[in-house]
Amino acid sequence: MAAEYERHRPEYPEEALRWAAGLLGLEERARLLDVGAGTGKLTRVLVALGYEVVAVEPGGPMLDQLRQAVPEAETLEGPAEAIALPDAGVDAAFAAQAFHWFDRERAIPELHRVVRPGGGLVLLWNWWDDRDPLQHELAELIGYAGHSPFSDDELPGAPWFRELGRTVVESADESSPDALVAMLATTSRFLTADPAEGADWLREVRERASKYGEQFPLPKLTYAFAFERLS
Ligand SMILES: C[S@@+](CC[C@H](N)C(=O)[O-])C[C@H]1O[C@@H](n2cnc3c(N)ncnc32)[C@H](O)[C@@H]1O
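As the structure is a computational prediction, the values presented were derived from the model and not from experiment.

Enquirer: I tried to follow the packing of aromatic side chains on my own but got confused; where do I start?
Expert: When we look at a pair of aromatic rings, we describe it by the centre distance and by the angle of the planes. By the definition in use, this model includes eight aromatic pairs. Seen in terms of ring centroids, W125 and F225 are 5.9 Å apart; in terms of plane orientation they differ by 85 degrees. Their pairing is edge-to-face. Residue W125 is located in strand β5 (residues 115-128), and its partner F225 is located in strand β7 (residues 216-229); the two are separated by 100 residues in the primary sequence. By relative accessible area, F225 is classed as buried at 1%. Taken together, F99, F102, W125, F150, Y223 and F225 form an aromatic cluster joined through their ring pairs. The ring centre of W201 lies 4.1 Å from the NZ or CZ of R189, which sits over that ring.

Enquirer: Is there a simple way to think about the site of the ligand in this case?
Expert: Of all residues adjacent to the ligand, which total 18 residues, the nearest are Y12, G36, E57, A80 and A96. Between the ligand and A96 there is a distance of 2.8 Å, counted from a nitrogen atom to a backbone nitrogen or oxygen. Computed on the free molecule, the ligand has an accessible area of 600 Å², of which 86% lies beneath the protein chains in the complex. For the shell around the ligand, the class distribution of residues is eleven nonpolar, three polar and four charged.

Enquirer: In this structure, what is going on with the pairing of strand β1 (residues 31-35)? I would like to understand it.
Expert: Looking along a regular strand, one sees the side chains alternate between the two faces of the sheet. The element β1 is extensively covered by neighbouring structure, given that four of its five residues are classed as buried. Of the pairings in the sheet, the one linking β1 to strand β2 (residues 52-57) comprises five bridges and is parallel in character. What sits directly across from D34, in β2, is A55. As for the winding sense of the linkage, the β-α-β connection from β1 through helix α3 (residues 43-48) to β2 is right-handed. Pairing between β1 and strand β4 (residues 90-96): three bridges, direction parallel. Counterpart to D34 in the pairing with β4 is F94.

Enquirer: What is the right way to read the pairing of β2 from this model?
Expert: Among the six residues that make up β2, five are buried, leaving the element largely enclosed by the rest of the structure. Taken together, the four bridges between β2 and strand β3 (residues 74-77) define a ladder with parallel strand orientation. When the sheet's bridge partners are listed, E57 is paired in β3 with E77. Remark: the β2/helix α4 (residues 60-69)/β3 crossover connection has right-handed handedness.

Enquirer: Looking at this model, I keep getting lost on the pattern of salt bridges. Mind explaining?
Expert: It is possible for side chains of opposite charge to pair when their charged atoms get near one another. Within the structure shown, the criterion is met by 21 salt bridges. Across the pair R113 and D87 runs a salt bridge, and its minimum N-O distance is 2.7 Å. Pair noted here: R113 is in helix α5 (residues 104-114) and D87 is in the loop between β3 and β4, with a separation of 26 residues, a long-range link. Classification of R113 as partly exposed rests on a relative accessible area of 24%. Since its relative accessible area comes to 54%, D87 is described here as exposed. Among the ionic pairs, R166 bridges to E163, the shortest N-O distance being 2.8 Å. Given a relative accessible area of 30%, E163 falls into the partly exposed group. It is possible to trace a salt-bridge network through shared partners that takes in E6, E11 and R44.

Thresholds applied
- Residues numbered from 1 in each chain as written.
- Predicted model: local features only at pLDDT ≥ 70, side-chain atom pairs only at ≥ 80, totals over all residues.
- Heavy atoms only, no water.
- Phe/Tyr/Trp six-rings, centres within 6.5 Å; stacked < 30°, edge-to-face > 60°.
- Helix = DSSP H or I, 4+ residues; strand = E, 2+ residues; numbered from the N terminus.
- Buried < 20%, exposed > 50% of the residue type's maximum accessible area, 1.4 Å probe, protein only.
- Lys NZ or Arg CZ within 6 Å of the ring centre and 35° of its normal.
- Near = heavy atom within 4 Å.
- Polar contact = N/O pair within 3.5 Å; in protein donor to acceptor, adjacent residues only side chain to side chain.
- Areas by Shrake-Rupley, 256 points an atom, 1.4 Å probe, with all protein chains shown as cover.
- Nonpolar A, V, L, I, M, F, W, Y, C, P; charged D, E, K, R; others polar.
- Pairing = 2+ DSSP bridges.
- Right-handed = clockwise from strand over helix to strand, strands pointing away.
- Salt bridge = Lys/Arg side-chain N within 4 Å of Asp/Glu carboxyl O.

This is the structure:
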């Protein structure tokens, strides 16, 4: 599944990261933590922007993919709740499509510990864009209709962090019925379903997506939140 994840999941638009860097006042070559880094979809964009990145990820096979894709990054195997870094070891921490998996009671103080005073935290989620006719049609079937990737009352707050701002960046990836199905097959919605039910679900997605052609742009929305560390 780690290889499939690497192949089919989208990256993050540079624009969202430049927005966060500006708000946090990140210096060139700042030392950043990418926590819940997976196969490094965010790590590689941060490295390409010139930052020094430490990627933390509890899944060994995901981390193996990351090491191949982004050899420049330093890697640590482990969870967000116990990060093997010294106090104030990084200028900012980033988590993409991962914060909702953390045990927030333990992870937020731990992120506060490893970020230096005056540093920041950035949370990102790629999300569906249901203004796109295909995604609008699939909203009920995929299960994102009426949902957002985060809930405001679950975001970090005092005494650890204070929100500086939030934004939504629009971008699009090339997709196809096969690519869309392969991407959905890496999601927890599919991985936790009964196998027969999961297969029916993917068949239905493929059938509906096929009406939009063999290839199509798949717009997405990237939600980004920037926080400053409270002393
Ligand atoms: C949807 S993936 C996102 C991966 C990557 N950041 C990306 O954007 O492609 C969620 C990742 O969070 C990791 N994860 C789950 N629980 C975690 C925890 N408690 N601490 C850190 N990472 C965790 C998973 O192993 C997985 O790699």
